[in-house]
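Architecture and fold: a report
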Amino acid sequence: MAKSSNPEGKTGVRIVVAGDRGTGKSSLIVTAAAETFPTNVPRLLPPTRLPEDFYPDRVPITIIDTSSNPEDRGKLAEELKRADAVVLTYACDQPETLNRLSTFWLPELRQLEVKVPVIVVGCKLDLRDDQQQVSLEQVMSPIMQQFREIETCIECSAYKHIQIPEVFYYAQKAVLHPTGPLFDQETQTLKPRCVRALKRIFILCDHDRDGALSDAELNNFQVKCFNAPLQPSEIVGVKRVVQDKLVEGVNERGLTLTGFLFLHALFIEKGRLETTWTVLRKFGYNNDIKLSDDLIPYSSFKRAPDQSVELTNEAIEFLKGVYELFDSDLDNNLRPIEVEDVFSTAPENPWNDAPYKDAAEKTALGGLSLDAFLSEWALMTLLDPARSLENLIYIGYPGDSSSAIRITRRRRLDRKKQQSERNVFQCFVFGPANAGKSALMNSFLGRPYLDSYSPTADEQYAVNVVELPGGIKKTLVLREIPEDGVSKLLSSKESLAPCDIAVFVYDSSDESSWKRATELLMDVAGHGEDTGYEVPCLIVAAKDDLDSFPMAIQNSTRVSQDMGIEAPIPISSKLSDFNNIFRRIVNAAEHPHLSIPETEAGRSRKQYHRLINRSLMVVSVGAAVAIVGFAAYRVYAARKNASS
C-alpha cells in the first residue's frame, strides 16, 4: 500500500540524543545531516535540523545533542523532558556502555517521567571485535523485556556510513506512527482500542452490510486512504495472503472483519505501522485512537448555565434503530453483552463507570429496555454532550453531527413563559441522612426496598422515563445530593442553574429530620434568590408507613404556606406507595413558576424593590407635574406680556 502522508497537526519532531561520553553521539548527528563523516567534531553540537523532505513523511526533524558530564545534568534533564523521542547510544566496542543503558540511562528516563519512544543505537559498529560477534536480538532482548519503552534497536557506523539515516527515520517513525497504542508486544496482538477502531472502519466501508469487503469496497477503501486504486491482481494477492494464514479471513463475499484485522496485525509485525496509522487518521482518529477534536462541533455546546443539551428526534430515531438491530430476539431486553456489542466500535463502553453505571432501570434478565437505553443516552447528553455526540459517531450516526443535539431554552425564560418545553428534566434530591433519598432513587428504577441503611457518600444518578396523561413521555434525571455535599454545591453561584426542580426528602416519623430538611430548603431557596437561579421545590414526607411525629401536620402546613409551595407529599418506599410522586415532579418542572419557594429575606427584598419602584414613579410623576406647571406658567406670562 502507498506511503502515509504527514499526520495532521504535526509540524516537527524533536529528537534528543543521549548516552555515555565517547559513544559517538555527535558523529552520528553530523554524519546524518551532512552525509559525510566529520574529521573534527565539537564537544557539543548546536541543534541540527533535517529538512521536511529528508524522509517520506515530510515532517522536519530537530536533533538535540547532549552532554553526559555531571555538571550538565540539569540541562540534560530539561532537554529529555522536551523530547518527542530519545535516541540512547552505546559504543559497540565498549560493552560497559551497553550495560549502562539498563543500569543508568533507562532508569533515569523513568525517574524523569520521560514517556516517549526510545531508540537504542549501537554506534561504532566498524570497531567491534570480530571475535565477539553476537546477534543484536540476543543482546537486546532482555533489556527490551525490562524496558517496554524501547521502540527499536539498531547498530550503525558513522565512519562506514552503515544505517545512519535509518536511526533518525526509526525515531521519527516512532513518534508519527507509534507502536504502543496499536500493538501489545508481549501478547503480539492488536490492542483492544485499535481493534474497536478498525472494526468501526470496516463497518463504515462495508456499504452493503453483508459482513465482508467486496473487491469494489476494498478498492474504495484503498482509494480513500491512499489515493491510489488496487489492481485486480493486487486484490487477489491481498486475499490470498490472508486466506493462506487464516481461512475464515476471506469468504465468497470478500475480506471478512477477521481478515481485515489480521491484515493490520501483519502490517504492524512487519514494521509497516504507517499503513495502519494512515487508515486510522483518514477516518478521524488521533494518537490516542479516539476521534480528533475537530470532528466534534464543540461550538454547538455553547450555552448559558441554565440551558441544557438534549438529543433531537433524528438522533432518537437512529438510537431506536440501533436498539432494534442489537436486540436480535426482539424481546425488548438488551443484555449486557449486547450493550457491549453496541459500543464495540467505540474506544470503550461509556456506561461501565459512574455516573452511568447502574443509573438506569434493569430488566428481570439484567438488560436494558428501550426506554432504559434511551434514558442512558439522555443522561450522557445532559451531563457530557461532547462525549454523547462522540459515541453517536462511533456507533455509526449517519447525519451531520450537529443535527443530533439541540440546546434548550433558558430556564429563566421558562419561568417567565410559565411553561418548559424540555424533554429531559433534572431533579436535585436533597435531604438529611437516613431520610429515604436512596430508597426514592431505587424505587424510581424499580429496585426492591431494602430495610438496611447504607449512607450515600457520593452523588448518585437515576434516570427513567415518566409517562404523562395522553401517552406523553418525558425523561426524568434524579441527582441525589448527600447532606454533607450541600454546602460545597451551594458554594458555586451557578450550582442551581442546571436544576429544573429540587425535591426535599425527610423522614416523616422524625422531627429532627423535618427540621434539617426545612433548613436545606431555606438554604437552597435563599441561594436561588441571591443568584437569580430560583428553582421550583417539592417536599416529600418519606416513610409514611411509620407514625408521624407530633405537630408534623401543623409544622409542615405552616412552612409550606409561608414559603408558598405545595404541602409535603407523603410516600412509603417500603409499601410501594408513591402517590404519583415522579409524575408530580415532572408536572412541577413543566410549570416552573408555580412551585418556587419564597424566603423571608427574599420577600423583604421584593417589598423593598417595590417601594423603590413606587418612589421612583412618584418622583417621576411629580417631576412631570412640575414641568407641566412651569410650562403653563410660561404660556400665561407670555400672554400677559402680549396683552400689555
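Keep in mind the model is a prediction, meaning the values are calculated, not measured. (Residues numbered from 1 in each chain as written. Predicted model: local features only at pLDDT ≥ 70, side-chain atom pairs only at ≥ 80, totals over all residues. Heavy atoms only, no water.)

Considerations on the pattern of salt bridges
Definition in use: Salt bridges are identified by distance alone: a Lys or Arg side-chain nitrogen within 4 Å of an Asp or Glu carboxyl oxygen. The way it works is that DSSP assigns letters per residue, a run of H or I at least four long becomes a helix, a run of E at least two long becomes a strand, and they are numbered from the N terminus. Each residue is assigned to one of three classes by its accessible area relative to the maximum for its type, calculated with a 1.4 Å probe on protein chains only: buried under 20%, partly exposed between the two thresholds, exposed over 50%.
Evaluation of the coordinates by the stated rule reveals 31 salt bridges. Residue R193 is joined to E348 by a salt bridge in which the shortest nitrogen-to-oxygen separation is 2.7 Å. Remark: E348 occurs in the loop between α12 (336-342) and α13 (370-383) and R193 occurs in helix α6 (residues 192-205); sequence separation between them is 155 residues. E348 gets classed as partly exposed once you look at its relative accessible area, which sits at 31%. The salt bridge partner of D341 is K199, with a shortest N-O separation of 3.5 Å. Remark: K199 occurs in helix α6 and D341 occurs in helix α12; sequence separation between them is 142 residues. A residue is classified by how much of its surface remains accessible, and D341, at 35% relative accessible area, is partly exposed. If you follow the salt bridges from partner to partner, you end up with R409, R411, D414, E421, R422 and D500 in one network.

Concerning the packing of aromatic side chains
For clarity, the cut-off: Pairing of aromatic rings covers Phe, Tyr and the six-membered ring of Trp, with a centre-to-centre limit of 6.5 Å; geometry is then stacked below 30 degrees between planes, edge-to-face above 60, and tilted otherwise.
One pass over the full model with this rule turns up 19 aromatic pairs. Relative to Y55, the ring of F54 has its centre 5.0 Å away and its plane inclined at 80°; by these criteria the two rings are edge-to-face. Taking relative accessible area as the criterion, F54 reaches 26% and is therefore assigned partly exposed. For Y55, a relative accessible area of 9% puts it in the buried group.

Examining the side chain of S375
Here is the rule: Contacts are assigned to residue pairs that have any heavy atoms within 4.5 Å of one another.
One can find S375 in helix α13. If near-sequence neighbours (up to four positions away) are discounted, S375 is found in contact with V463, N464, V465 and T475.

A word on the environment of V59
Among the structural elements, V59 can be located in the loop between β2 (48-50) and β3 (61-65). For V59 and T11, which are 48 residues apart along the polypeptide, the C-alpha to C-alpha distance reads 6.4 Å.

As for unusual backbone geometry
The bulk of non-glycine residues show a negative phi, and the bulk of peptide bonds are trans. For the bond from A354 to P355, the omega torsion is 5°, close enough to zero to count as cis. For N579, which is not glycine, the phi dihedral falls at a positive 55°. Looking at the secondary structure, you find N579 in the loop between β19 (569-570) and α20 (581-590). The exposure class assigned to N579 is partly exposed, which follows from its relative accessible area of 32%.

Description of α6
Put simply, the test is: Take the number of residues in a helix, subtract one, and multiply by 1.5 Å to get its expected span.
With 14 residues, α6 extends 20 Å from end C-alpha to end C-alpha; this agrees with the ideal 20 Å at 1.5 Å per step. All of the buried residues along α6 are C194, R196, A197, L198, K199, R200, I201, F202 and C205.

With respect to the sheet that holds strand β18 (residues 537-542)
Cut-off, in case you're wondering: Only strands that DSSP links by at least two bridges are regarded as paired with each other. Angles here are taken between N-to-C directions and fall from 0 to 180 degrees, while the axes themselves are lines fitted to C-alpha atoms, restricted in helices to the stretch in contact.
Across the sheet, 6 strands lie side by side as β15-β16-β14-β17-β18-β19; this open sheet has mixed pairing. Each edge of the sheet is formed by a strand with only one pairing partner; in this case those strands are β15 (460-467) and β19. The pairing of strand β17 (residues 501-507) with β18 spans 6 bridges and is classified as parallel. Within the sheet, the bridge partner assigned to A502 lies in β18 and is C537. Contacts from α13 reach β14 (424-430), β15 and β16 (473-480), with the element oriented near 125° to β15.

Examining the pairing of β3
Buried residues dominate β3, accounting for 4 of its 5 residues. Note: strand β1 (residues 13-19) against β3, 5 bridges, orientation parallel. By the bridge assignment, V13 is partnered in β3 with I61. Bridge count between β2 and β3: 3 bridges; the pairing is antiparallel. Its bridge partner being in β3, R49 is matched across the sheet by T62.

Observations regarding the domain arrangement of the protein chain
Inclusion rule: Note that the domain bounds were set by an automatic or database domain assignment. By buried area we mean how much accessible surface two parts lose on assembly, using a 1.4 Å probe and totalling the loss over both.
Domain parsing of the protein chain yields domain 1 (13-176), domain 2 (189-293), domain 3 (302-408), domain 4 (413-598) and domain 5 (612-643). For domain 3 and domain 4, the distance between their C-alpha centres works out to 26 Å. Tallying the contact residues gives 19 residues for domain 3 and 20 residues for domain 4. Summed over both partners, the interface of domain 3 with domain 4 buries about 1700 Å², with 53% contributed by carbon and sulfur atoms. A per-residue breakdown of the area domain 3 buries against domain 4 is headed by P305, E310 and E361, which together make up 28% of the total.

Here's the deal with the side chain of Q426
For the record, the criterion: By the criterion applied in these results, polar contacts are pairs of N or O atoms within 3.5 Å in which, for protein atoms, one can donate a hydrogen and the other can accept it, and in which residues neighboring in sequence qualify only through two side-chain atoms.
Residue placement: Q426 occurs in strand β14. Overall, Q426 belongs to the buried group, its relative accessible area being 3%. A distance of 3.2 Å separates a polar atom in the side chain of Q426 from the backbone oxygen of P498. Residues contacting Q426, with those up to four places away along its chain left out, are L382, L383, Y461, V477, R479, P498, C499, D500 and I501.

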